[in-house]
Amino acid sequence: MTGTDVRNETEDSGPSGYAAARLRLLTEEARSGPPRRAALSALTDDWLAGLFTAAAEGLGGVSLVAVGGYGRGELSPRSDLDLLLLHDGSDPKAVAALADRLWYPVWDLGLALDHSVRTPAEARKTAGEDLKVHLGLLDARHLAGDLALTSGLRTTVLADWRNQAPRRLPELQELCAERAERQGELQYLLEPDLKEARGGLRDATALRAVAASWLADAPREGLDDARSRLLDVRDALHLATGRATDRLALQEQDQVAAGLGLLDADTLLRQVYEAARVISYASDVTWREVARVLRSRAVRPRLRAMLGGGKPVPERSPLAEGVVEQDGEVVLARAARPERDPVLPLRAAAAAAQAGLPLSLHAVRRLAATVRALPTPWPAEAREQLVTLLGSGRPTVEVWEALEAEGLITRLLPDWERVRCRPQRNAVHIWTVDRHLIETAVRASEFTRRVSRPDLLLVSALLHDIGKGWPGDHSVAGEIIVKDVAARIGFDRADVAVLSSLVRHHLLLVETATRRDLEDPATVRSVAEAVGTQSTLELLHALTEADALATGPAAWSSWRGSLVADLVKRVGAVLAGDEPEEPDTAAPTAEQERLAIEAVATGSPVLALRAQTEPPADAGEQPAGDPEPLGVELLIAVPDQEGVLPAVAGVLAVHRLTVRTAELRALDLPDGVEGSVLLLNWRVAAEYGSLPQAARLRADLVRALDGSLDIAGRLAERDAAYPRRRGVVAPPPRVTVAPAASRHATVIEVRAQDAPGLLFRIGSALEDAAVRVRSMHVSTLGANAVDAFYVTGAQGAPLPVDEAAAVSRKLEETLRG
């Protein structure tokens with residue numbers, strides 16, 4: 001059915017005909033994107049014009065005007081109809097009656113309507129008071145009635161906008177900034193608002209308004225395509241949900257992707273991010289130009305007076321060879337020859353980042369259009385300028401984005417294309433892969449004084465996740481890629497080996513520190529063998545912290561920092577020639593011995609809580625301010641019996657205490673004291689609120705051990721009320737045996753969705769398997785728990801291989817069930 005056929009049917013059938021034609025148009029698989037939006041706008045125009053003509057017969061001085069998104073012809077399936085009934089004020093009662101005859105048919109069809117009835121003077125006055133109204137009127141489009149009335153309003157509104165631009169544009173910029181603060185950046189959000197987030201449709205509309213002011217204009221290349229792409233996604237979202245929503249929720253992404261003919265939800269997000277990045281960059285450039293023009297206008301009269309009416313000459317300050325500062329931006333010098341100087345893009349970028357200034361749009365585009373490719377390997381200056389750029393801190397981000405917007409980054413580093421705009425579906429990560437890499441370099445720039453080779457630290461920070469663009473383990477893939485990239489950049493063989501090792505092992509320290517027993521010599525030796533040298537360990541320590549800080553708030557804490565620092569200290573000692581000592585479990589502290597004797601004497605558990613707020617002295621650099629609580633040390637002595645681990649884990653879960661580390665062992669009592677005692681030394685933290693009193697924990701632990709406290713029932717009630725996102729299905733748990741992780745115990749690693757009582761379920765399953773837990777190391781990142789359990793058989797020896805495999809299979813079945 002053609003657009004003409006649809007309009008004819010509408011004219012013949014009235015509102016019901018419009019509804020049928022609208023439905024048919026929205027369900028046509030062959031038509032989507034701009035053609036469908038244009039057809040839907042034309043269909044709606046004809047219907048409303050017909051309503052107006054019938055209702056306004058004999059009434060003059062009235063017109064029907066589409067404003068806002070409808071005025072731009074951007075009707076999505078569930079868009080509001082933004083309408084203005086404009087009149088000359090000669091017959092208010094007749095106009096009010098006309099409005100009723102127009103609005104009610106729209107409401108009767110269930111369409112959302114944003115409407116107003118005003119004279120031109122009223123519309124102009126309201127626009128002067130309300131910026132959003134003024135923005136909507138900039139897109140005013142005549143639908144029916146008195147064309148001269150509509151044209152007059154359009155002319156007046158545009159003239160007012162241009163005359164008031166010095167006042168209204170800063171107001172518009174502030175509105176955009178407030179919205180960005182509230183909604184976040186579209187190019188990084190897993191559930192973005194396509195309209196309100198920074199880089200979304202609102203910002204694209206704001207750029208149109210700036211252009212209409214004639215004060216400045218946005219870079220146009222790619223902008224219309226980016227806007228159209230976001231509108232296409234919104235259309236598919238409306239059709240998928242049947243609702244007027246701009247929020248691209250996780251549970252709708254697969255369906256929206258299918259509606260657009262895309263491979264999967266990740267492909268959808270990547271396209272959304274690319275579009276948002278174009279709009280965000282255009283916004284940055286445009287608002288910078290607005291500020292420059294307004295600043296120039298404010299200064300020009302004074303300069304003219306000082307210079308006797310002569311034209312002022314812009315001041316240009318040299319920054320580097322071929323690079324100067326002019327009017328708050330970094331531009332190319334007049335003598336610069338990009339076609340003869342392949343290092344110029346990196347030199348200009350480094351100079352801009354070091355000066356904390358933006359690269360001008362004109363300079364970046366000239367570089368992209370004329371510069372020659374760098375030779376392989378890069379000359380030393382190019383490598384040095386890259387390192388300078390990466391080490392410049394926060395200004396690096398804006399400069400890097402400017403290079404990337406014009407395609408210069410992928411020309412310098414072709415492997416970058418695979419990680420560009422790549423989403424990370426992990427609640428811990430707050431950035432796309434490429435932005436995370438830049439953020440890691442920014443963080444690493446703070447640690448360059450801690451390492452002997454800051455250049456290797458910065459480049460490894462930039463490339464540590466480059467393997468995420470390839471299938472398989474990204475650390476393994478990254479190691480291969482970095483060998484090639486580092487050689488191409490011009491590092492020698494020794495440095496290439498260090499960089500590839502850093503990328504291969506960039507997760508080694510934090511994973512080992514939080515999931516393995518640091519008292520076990522096998523743990524420390526394995527890390528020392530992987531790292532190899534003291535200088536590489538030093539670099540890896542700084543890279544680990546920078547990577548975690550750049551990931552998100554959940555990825556790093558003083559507690560994690562203290563564990564990593566402890567591991568680094570132990571590994572450093574081994575690399576220096578000292579052998580790690582075997583753990584001595586025979587000598588309890590005085591407090592542990594006191595608790596054990598009391599437990600034997602009373603025949604029941606006793607416990608003590610001790611807060612720890614200061615990190616160890618060797619925990620590395622800590623953030624300024626109050627020390628972060630590392631948790632509370634919980635010491636429990638229990639007469640040896642079955643079910644201790646699940647009982648303790650269950651009681652802590654009931655009291656909403658998070659377990660960070662745990663150790664459980666049998667204690668040798670002093671001579672003359674009969675009985676056997678289990679000692680638990682755990683570090684815990686309150687999920688929220690204050691810690692419970694020790695007496696309450698002890699009372700509940702007594703009840704859990706004698707069976708009068710139904711822990712499973714209490715946790716099941718909480719689990720039923722635990723909030724879950726509709727449509728979000730967590731991956732199944734996975735249980736594995738870590739090979740050769742310890743000479744003293746078998747290490748069983750559990751990866752699962754974190755939930756109340758997870759440790760209680762694991763402890764119960766291990767108890768049923770008749771294995772003893774020597775210690776456990778708990779690591780929770782966002783919604784994911786990765787817990788390592790050091791277990792032995794009844795005689796205290798590691799489990800045989802077959803038995804260990806059977807225990808892990810049984811535990812996985814239990815957690816999946």
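The rules we used
- Residues numbered from 1 in each chain as written.
- Predicted model: local features only at pLDDT ≥ 70, side-chain atom pairs only at ≥ 80, totals over all residues.
- Heavy atoms only, no water.
- Buried < 20%, exposed > 50% of the residue type's maximum accessible area, 1.4 Å probe, protein only.
- Helix = DSSP H or I, 4+ residues; strand = E, 2+ residues; numbered from the N terminus.
- Arc of directions from axis to C-beta.
- Pairing = 2+ DSSP bridges.
- Axes fitted to C-alpha atoms, helices over the stretch in contact; angles between N-to-C directions.
- Contact = heavy atoms within 4.5 Å.
- Polar contact = N/O pair within 3.5 Å; in protein donor to acceptor, adjacent residues only side chain to side chain.
- pLDDT = per-residue confidence, 0-100.
- Parallel < 35°, antiparallel > 145°, perpendicular 65-115°, else oblique.
- Left-handed = near helix turned anticlockwise from the far one by under 90°.
- Nonpolar A, V, L, I, M, F, W, Y, C, P; charged D, E, K, R; others polar.

All of the buried residues along helix H11 (residues 250–259) are Glu252, Gln253, Val256 and Ala257. The buried side chains of H11 occupy one side of the element, clustering within an arc of 140° when seen end-on. Away from its buried face, by an angle of more than 90 degrees, H11 presents the exposed residues Asp254 and Ala258. Glycine 261 lies just past H11 and shows a positive phi near 75°.

Once that is clear, we can look at the sheet that holds strand E1 (residues 62–66). Strand pairing in a sheet is mediated by backbone hydrogen bonds. Such pairs are either parallel or antiparallel. Overall, mixed pairing links the 4 strands, which are arranged E3-E2-E1-E4 in an open sheet. Each of the sheet's edge strands pairs with one partner strand only, and the pair in question is strand E3 (113–118) and strand E4 (141–145). Averaged over all pairs of adjacent strands, the angle between strand axes in this sheet comes to 25°, irrespective of strand direction. Both E1 and E4 contribute to a ladder of 4 bridges, which runs antiparallel. By the bridge assignment for E4, serine 63 is matched with glycine 145. Along the sheet, helix H4 (residues 92–108) contacts E1, strand E2 (81–87) and E3; its crossing angle with E3, the most-contacted strand, is approximately 175°. Here helix H5 (residues 120–129) sits on the sheet in contact with E2 and E3, set at roughly 120° to E3.

Our focus in this paragraph is the side chain of aspartate 517. Tracing the backbone through its elements, the reader meets aspartate 517 in the loop between helix H22 (508–515) and helix H23 (521–531). Taking relative accessible area as the criterion, aspartate 517 reaches 11% and is therefore assigned buried. Among the polar contacts made by the side chain of aspartate 517, one reaches the main-chain amide nitrogen of glutamate 519 at a distance of 2.9 Å. Contacts of aspartate 517, omitting those with residues within four sequence positions, involve Thr523, Ser775, His777 and Tyr790.

With antiparallel pairing, 3 strands are arranged side by side in an open sheet as E5-E6-E7. A strand with exactly one partner marks an edge of an open sheet, and here the two such strands are strand E5 (316–320) and strand E7 (329–332). The mean angle between the axes of side-by-side strands here comes to 40°, regardless of whether they run parallel or antiparallel. Across 4 bridges, the pairing between strand E6 (residues 323–326) and E7 is antiparallel. Residue pairing for E7: glutamate 325 is matched across the bridge by valine 330.

Right, let's talk about the confidence of the model for the chain for a bit. Fine structural detail should not be taken from predicted coordinates in areas where pLDDT scores are low. Per-residue pLDDT for the chain averages 87, and the proportion of residues at 70 or more is 90%. The model gives residues 1–13 a pLDDT under 50, and that stretch makes 20 contacts with residues more than four places away or in other chains. Note that pLDDT drops below 50 for residues 614–629; the model gives that stretch 24 contacts with residues more than four away or on any other chain.

Working note: a packed helix pair is described by the angle between its axes plus the distance between those axes. One way to put it is that helix H20 (residues 474–489) packs onto helix H21 (residues 493–504) with a least axis distance of 8 Å and a crossing angle of 155°. One finds that H20 runs roughly antiparallel with respect to H21. Here H20 and H21 pass one another in a crossing that is right-handed. Along its contact with H20, which presents Ser475, Val476, Gly478, Glu479, Val482, Lys483, Ala486 and Ala487, the element H21 presents Val496, Leu499, Ser500, Val503 and Arg504. Class assignment for the residues of the contact of H20 with H21 results in 7 nonpolar, 3 polar and 3 charged.

Geometrically, the link from threonine 376 to proline 377 is a cis peptide bond, its omega value of -5° lying close to zero. Its location among the elements puts proline 377 in the loop between helix H14 (361–370) and helix H15 (380–390). Despite not being glycine, tryptophan 214 has its phi angle at roughly 65°, a positive value. With respect to the secondary-structure elements, tryptophan 214 resides in the loop between helix H9 (201–212) and helix H10 (223–241). Relative accessible area serves as the criterion here: at 66%, tryptophan 214 is assigned to the exposed category.

Looking at chain direction, E5 and E6 are connected through 4 bridges and run antiparallel. Along E6, the bridge assignment pairs proline 318 with valine 324. Between the antiparallel neighbours E5 and E6 lie 2 residues, among them glycine 322 with a positive phi of about 80°.

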